[in-house]
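# Descriptive analysis of the structure
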Amino acid sequence: MNTTGKKKVVIAGGGTAGWVAAAALSQQLGFALDITLIESEEIGTVGVGESTVPPMRVFNKLIGIDEQEFMRASAATFKLGIWFENWQHIGDHYIHPFGRNGQPTWLCEFQHFWLRSRELGMTAGLGDYCLEWVAAKEGKFATSPKSEINFAYHIDAALYAKFLRKMAEGNGVKRIEGKIKSVNLHPESGFIESLTLASGQTIAGDLFVDCTGFKGLLIEQTLHTGFEDWSHWLPCDSAVAVQTETTGPVMPYTSAIAHEAGWRWQIPLQHRAGNGWVYCSRYMSDDEAREKLLRAADGKVVKEPWIIRIKAGRRRKSWNKNCVALGLAGGFVEPLESTSIHMIMMGVVRLMHLFPFDGIHQPFVDQYNAETRAEIEHIRDFIVLHYNTTQRDDTAFWRYCKNMDIPDSLKHRIELFKEGAHAFQNNGELFRVDSWSHVMLGQGIMPKHYHCFAKGMKEEDLRQYLDEFRTSVSRAVAGLPTHQQFIDQYCKASVDVWGQPLK
């Protein structure tokens, strides 16, 4: 690897993964890097990753993105959490909000005080003590530089990639249109030396970033890194997606509605809605899935349905030799908790921290792979939780999910919560204690015990505190505009229903 002068980074593939990498690397390390991105307009992208998680806000700030500008360009809306329906049993629902519940103490989290309140006959739900939960339910939203409300975005992924492309090219990134015909390796080291395009052009590099999607052209087809299959825990292997016109005021949450062989999503954007039907092909055909999605989706179809094949799992190494895989090329955990774009961003941040300016050193590679593996496994466990803790037994799919063996790491978390309402967030994990508590309770796991410290507060003091806290949340939400009103005055989209600039 070249260790003098600017390092040559070659990004194979565009889409969200490619342009996130290009924008971040060029904005933060452009003074030291020569970055080329290769993509072909003939090769489509999955392009349904339209729901995100709160750390995206930090990433956008890191690379200098103005929130209002990016939201107008990508027809974005705000997201306070995810509405789950039919997951515990048919007819039930709960919200996984992004906010904190009540006020925790250093010794135990708020859910312990809430569980004691239930023993005392208080009927308020855990979400009633979370501003984001109440605001989501009522369709309210507002933010400001001083606001502490925790939120993410719904975005048009194609428009977001377009926005990032403009930014990256402004920072000096070179884009080459073309299909990759061959990946050329050094005969002794096995490192990637260059990519040859169908046009005959050859692009050499020091570091290659594989953003070629599920096929993993560099990381798998060339370097044969290996894949760890998780389909026995996450059996959904297909999805149908369709885009429709928006039919009413947009709500500040993603919907995830379980059906007989998986679940469907509804994602409200400003200019249209994203809809999808995720399913296991062992229990439902493509034709049936397409038909059911079109029946369930509201609004006129903007883009005809298309089928996506998915496979849950991870590459055995995300960084192999001088190749780093991002996005679907590195691994996939289905979009139930909107984590795909987050993992791309974290992968890029991790790469910037450990960038091989002085050549490839194995300790850096090992550290990158260890952190990436831990991250995706924690996310995997959180998603498997939704499936395995169901009480549904109405179809073969749900009976399988309910009775399947699960990772030991998840078994441990479930038992901790069942026995003593204990949830935790290790350093570097995405999902907080509040997230684990909401989903476990929403899925019907009611702890047998709670921390004794919660009994230390006098009953009358606990009642007064909880009533006052709940009232303060209700009062704060009552003062918010509707989500639609805030969008209209803060970041009204600059594109039409087909993603074209408004005249």
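Structural notes, computed from the coordinates. Please read all numbers here as calculations on a predicted model, not as lab measurements.

Among the secondary structure elements, G330 is positioned in the loop between β20 (323–325) and β21 (331–332). Overall, G330 belongs to the buried group, its relative accessible area being 10%. Taking the C-alpha atoms as reference points, G330 and E260, 70 residues apart in sequence, are found 30 Å from one another. Excluding residues that lie within four positions of it along the chain, G330 makes contacts with R314, R315 and A325.

Further remarks concern the packing of aromatic side chains. The final tally for this structure, using the stated rule, is 31 aromatic pairs. Between W87 and W398, the aromatic rings sit 5.5 Å apart at their centres with planes inclined by 85°, giving edge-to-face as the arrangement. One end of the pair, W87, is in the loop between β4 (81–85) and β5 (93–97); the other, W398, is in helix α10 (residues 396–403), with 311 residues separating them in the sequence. Look at W87 and you get buried, because its relative accessible area is 0%.

Another aspect to go through is the packing of helix α11 (residues 408–420) against helix α12 (residues 433–442). With their axes 11 Å apart at the nearest point, α11 and α12 run at an angle of 80° to one another. By the angle class used here, α11 and α12 are roughly perpendicular. Residue-level inspection shows L410, R413, I414 and F417 of α11 in contact with α12, the latter providing W436, S437, M440 and L441. A breakdown of the residues in the contact of α11 with α12 according to their chemical character gives 6 nonpolar, 1 polar and 1 charged.

Taken together, 7 strands build an open sheet; the order of strands is β5-β4-β14-β15-β16-β13-β17 and the sheet is mixed. Looking at strand neighbours, the two that pair on one side only are β5 and β17 (301–309), the edges of this open sheet. Direction aside, neighbouring strands of the sheet carry axes that sit 15° apart on average.

Read from one edge of the open sheet, 3 strands run β8-β9-β10, paired in antiparallel fashion. Looking at the sheet topology across the chains shown, the edges are occupied by β8 (180–185) and β10 (202–204). The average angle at which neighbouring strand axes cross in this sheet is 20°, direction not considered. Here β8 pairs with strand β9 (residues 192–197) via 5 bridges, running antiparallel.

Here is what the cut-offs are and how they apply
- Residues numbered from 1 in each chain as written.
- Predicted model: local features only at pLDDT ≥ 70, side-chain atom pairs only at ≥ 80, totals over all residues.
- Heavy atoms only, no water.
- Helix = DSSP H or I, 4+ residues; strand = E, 2+ residues; numbered from the N terminus.
- Buried < 20%, exposed > 50% of the residue type's maximum accessible area, 1.4 Å probe, protein only.
- Contact = heavy atoms within 4.5 Å.
- Phe/Tyr/Trp six-rings, centres within 6.5 Å; stacked < 30°, edge-to-face > 60°.
- Axes fitted to C-alpha atoms, helices over the stretch in contact; angles between N-to-C directions.
- Parallel < 35°, antiparallel > 145°, perpendicular 65-115°, else oblique.
- Nonpolar A, V, L, I, M, F, W, Y, C, P; charged D, E, K, R; others polar.
- Pairing = 2+ DSSP bridges.

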